[in-house]
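Single-letter residue listing:
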Amino acid sequence: MNASEDTQDEISRRSFLLSSSGLFSSMWVAAHWPGIAAAAHHADQVSDAAPAHFQFFSAAEGADVEAVSAQIVPSGSTSGAREAHAVFFIDRSLSTYFASMAPGYRLVLADFQGKFHAASPGVASFAAAGSDQQIAFLKTVDRTPFFEMTRTLTVLGMFSSPKYGGNFQGSGWKMMGFADQHAFAPPFGYYDAEYKGFVPYPAEKHA
Amino acid sequence: MTARKFKPDEMVDFVVVGSGAAGGVVARELSQGGFSVLVFEQGPRLSAADFEHDELKYFFLNGITNSPKYAPQTFRKLPTETAKQPLGGFLPASYARLVGGSSTHYTANFWRFHEIDFNERSVIGGIPGTAFADWPISYQELEPYYTKVDWEVGVSGLGNASPFDPPRSKPYPMPPLPVKSSGVLLERGARKLGLHPFPAPMAIASQPYRGRSQCIHCGFCMGYGCEARAKSSTLYTMIPEAEATGLCEIRANSFVYHVDTDAQGRTTGVHYFDSNKGSHFQPARAVVLSANGAETTRLLLNSTSNRFPQGLANSSGMVGKHLMFNQGSGVQGLFEHNLNEYKSVQVTRILHDFYDSDPKRGFYGGGGIDARINPQPALWALDSGGDLPRWGAEFKARLEAFPRAMASTGHTTSLPLESNSISIDPTLKDAWGIPAIRVTYKDHPDDLAMAKFLQDRSYEILEAAGAQKIWRNEISENVFGVHLLGTARMGNDPATSVVDKYHRTHDVRNLFLCDGSSFVTSGRGQPTMTIQALAFRAADYIGQFAKRNEI
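Note that the structure is a prediction, hence the values are computed from the model and not measured.

Thresholds, definitions, all that
For every chain, the first residue of the written sequence is number 1, and numbering continues from 1 onward in sequence order. Both sets of labels track the order of writing: A upward for chains, 1 upward for ligands. Local features in this predicted model are restricted to residues whose pLDDT is 70 or higher, and side-chain atom pairs enter the listing and the counts only when it is 80 or higher, whereas totals over whole chains, interfaces and linings include all residues. Each side-chain value is worked out from all heavy atoms of the structure, with water and hydrogens disregarded. Whenever a carboxyl oxygen of Asp or Glu lies within 4 Å of a side-chain nitrogen of Lys or Arg, that contact is scored as a salt bridge. Strands here are runs of E lasting at least two residues and helices are runs of H or I lasting at least four, both read from the DSSP assignment and numbered beginning at the N terminus. A 1.4 Å probe rolled over the protein chains alone gives each residue an accessible area, and that area as a share of the maximum for its type sets the label: buried under 20%, exposed over 50%, partly exposed in between. Should any heavy atoms of two residues lie within 4.5 Å, those residues are counted as being in contact. Note on terms: buried area is the combined drop in 1.4 Å-probe accessible area of two parts once they are placed together, counting the loss on both. Within 3.5 Å is the distance limit for a polar contact, defined as a pair of N or O atoms, with the added protein rule that one can donate a hydrogen and the other accept it, and that residues adjacent in sequence qualify only through two side-chain atoms. When residues are grouped by polarity, Ala, Val, Leu, Ile, Met, Phe, Trp, Tyr, Cys and Pro land in nonpolar, Asp, Glu, Lys and Arg in charged, and all others, Gly among them, in polar. Between N-to-C directions, angles span 0 to 180 degrees; the directions come from axes that are lines fitted to C-alpha atoms, helices contributing only their stretch in contact. In what follows, roughly perpendicular refers to angles from 65 to 115 degrees, roughly parallel to angles under 35, roughly antiparallel to angles over 145, and oblique to any angle outside these ranges. When DSSP finds two or more bridges between a pair of strands, those strands are recorded as paired.

Caption draft 1: Local environment of the pattern of salt bridges. All names here are of chain B. Inspection of every chain in the model, using the stated rule, returns 42 salt bridges over all chains. The partner of Arg524 in a salt bridge is Glu120, and the shortest N-O contact between them spans 2.9 Å. With Arg524 in the loop between strand E16 (511–513) and helix H11 (528–547) and Glu120 in helix H3 (residues 115–124), this pair connects stretches of sequence that are 404 residues apart. You'll find Arg524 and Glu120 in the same group, each marked buried.

Here it is as structure tokens:
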């Protein structure tokens, strides 16, 4: 079985699902339903502080993945993937509820690192490269399984509940302008606040 | 009265398989009619307090949906291919697996079908290569039951607001939910173009209703269980009312895997697994399958016997055929001011100007357009098809603009094709050792053309509404569905259909099927309202047959 082809297949299916806002605009990704409770329990203990070490990644792998995620959602005047601790979410998800994807992810990560070394022989690692160099290289690989998976995991790491280890102190939600609140009351936004009410149509029947 | 608890092996009048949109209604109607009813639900029973605002759990970890971990499925596009398990773990036939079924996690769009949905074949003619057909019932026959859904289940809306609305005998019991900015903008753009947007009918309480709370506008409808009990899921409406008769038991965590028949070809009851995978037989005078268009089919095809070698109720060979998912398309727009679309229900304005098929378009199809958003941040961010930016500064700018964004979505027809089906995978089995679902699906070209047509209309509407920027989502062939329709179609001819117009199987006198599988055509998306109207009607007739000893 060709792992890379399978991963490619998975990614293309996933990309489709994520792009189809018509129905349920999402994949229903691989489940580790019993893993949830454990993950959430663990999360309760760590959500206010960065984990001290990786569970799944080596330090070098973690640094590269963090650098890629930080180019996917860059830092700036608002939080990016780095400030949201997306890499720690990724690390934990691959060692718990997304564990079934972990072997495939490690394969495509190694492939990514190999490609980078081949393209930039003088640079120690992707993480050690300058930002412009990172962006230029990512443009050559941004349709690969590694990039697609990292993009998905980075987004989940930024916007899933902080109890899963990313979205540090709600920084992803704040960046996006999402209020984590249990209930709301109208008006919800600018345009409905100024709405004057529904005006009925003349009573003629259309064919 | 408290819920009934039947003794092991106790004979019941009706076994109902599935506690969702249809099963909940059937159970309530039959138990209120004085019959003893035992409802089997494979999933757990949860309550409002169990539901959470947790996007990862509900959308990425199968929090309340069927899971490939224990119930894998396979997929292929064409019958000539070998079906494979989709990698990444999503399921091609997806549904909520708990008491209340998919009515627990639906978005609650509750359009009625129009008159044309029932007799379209006669009006516009046949379509070569398809099984396009009329329904054996008309809108007029179903109308009283649509009204029952409005009032008994609880729908908010504004009657006759759309000039394209089918006739209705009674207004909605509750006013529409408060309009959102996306609804205002859709209305603004559409009216400029001479179209007729109107308040969306939603199965969500806009005011306190029959002991339930009104909507608290938390924004977690699509894919979630309602924490306020405002969504009119059968979990909160039909099921407690069925239990209150003292004649109905909901048996959760109980998976029916075989419908049994005797030498006369009548069903005698069902075999099921309890939560410990212990197998039991439950006798019944009659059986109603409301397990959804995928699982009802699997159950029939797996219930083979000497008398029914190709599966139960399948003398026509039509069980599982004509699967329809509906198609869809979308655009996303950015506006000057904040809309904050993550708040409140998903949809507040829709339009039906393009509902009917029009030969001038050059293809068959019709649909409705709505204003909405994928309200939660991760889903919004992951939406990457079409020309949406995917990473870097431009991607982040799109994320930061989230409060100023909305989507407009088209919901469209799927033609019934014999090659699109639910069947039994020849090798794969689930965690109980029961042969698994195989989905075969490829959209008809007209289905994709219609989705594209509505995307263009949505684009024009957002443009007319003053969007600063508009992105198109990708339109692709369906590789999964949450609308599981048409797989045991209703009809007068036993050679080409599975159930008659009263949902009785042509082959087994005391076996009835009532869920999305009964559909003859797909409607234009949003099938649950019609599933429930059919369920009220079916239960009405089934009860009459039982009282007259005609079962």
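Caption draft 2: Representation of the interface of chain A and chain B in the model. Counting residues at the interface gives 78 residues for chain A and 97 residues for chain B. Roughly 7700 Å² is buried in total at the junction of chain A and chain B, and carbon and sulfur atoms are behind 64% of that figure. Linking chain A with chain B are five salt bridges, by the criterion used here. We note a salt bridge from Glu194(A) to Arg188(B), for which the minimum N-O separation is 3.0 Å. At the junction of chain A and chain B, the tally comes to 28 residue pairs in polar contact (both at pLDDT 80 or more). Elements that contribute at least two residues to the side of chain A that touches chain B include exactly helix H1 (3–19), helix H2 (33–46), helix H3 (59–72), helix H6 (131–141), helix H7 (145–159), helix H8 (171–176) and helix H9 (190–193) of chain A. No other element matches the nine residues that H1(A) contributes to the side of chain A that touches chain B. Taken together, the residues of the side of chain A that touches chain B break down into 43 nonpolar, 20 polar and 15 charged.

Caption draft 3: Summary view of unusual backbone geometry. The linkage connecting Pro186(A) with the following residue, Pro187(A), adopts the cis geometry, with an omega of 0°. Tracing the backbone through its elements, the reader meets Pro187(A) in the loop between H8 and H9. With a phi angle near 50°, Gln169(A) is a residue other than glycine that sits in the positive phi range. In this fold, Gln169(A) is placed in the loop between H7 and H8. Backbone geometry places Asn62(B), a non-glycine residue, at a positive phi of 50°. Its place among the elements puts Asn62(B) in the loop between helix H2 (55–60) and strand E3 (73–76).

Caption draft 4: Broad picture of the packing of H3(A) against H7(A). Residue and element names in this part refer to chain A. Interhelical geometry of H3 versus H7 gives an angle of 75° and a closest axis separation of 10 Å. Taken together, H3 and H7 sit at an angle that is classed as roughly perpendicular. For the pair H3 and H7, contact is made by Val65, Val68, Ser69 and Ile72 and by Phe146, Phe147, Thr150, Arg151 and Thr154, respectively. Classifying every residue of the contact of H3 with H7 by side-chain character gives five nonpolar, three polar and one charged.

Caption draft 5: Region of interest: the sheet that holds strand E9 (residues 327–334) of chain B. Residues and elements named next belong to chain B. On the basis of which strands lie adjacent, the open sheet formed by six strands has the order E4-E10-E11-E12-E9-E15 and antiparallel pairing. Every other strand in the sheet has two partners, leaving strand E4 (198–199) and strand E15 (469–472) as the edge strands with one partner each. Examined bridge by bridge, E4 and strand E10 (residues 349–351) share two bridges and lie antiparallel to one another. Each bridged residue has a counterpart across the sheet, and for Pro199 the counterpart in E10 is Arg349. Packed onto the sheet, helix H10 (residues 445–464) meets E9, E10, strand E11 (367–372), strand E12 (405–412) and E15 and runs at close to 20° relative to E9.

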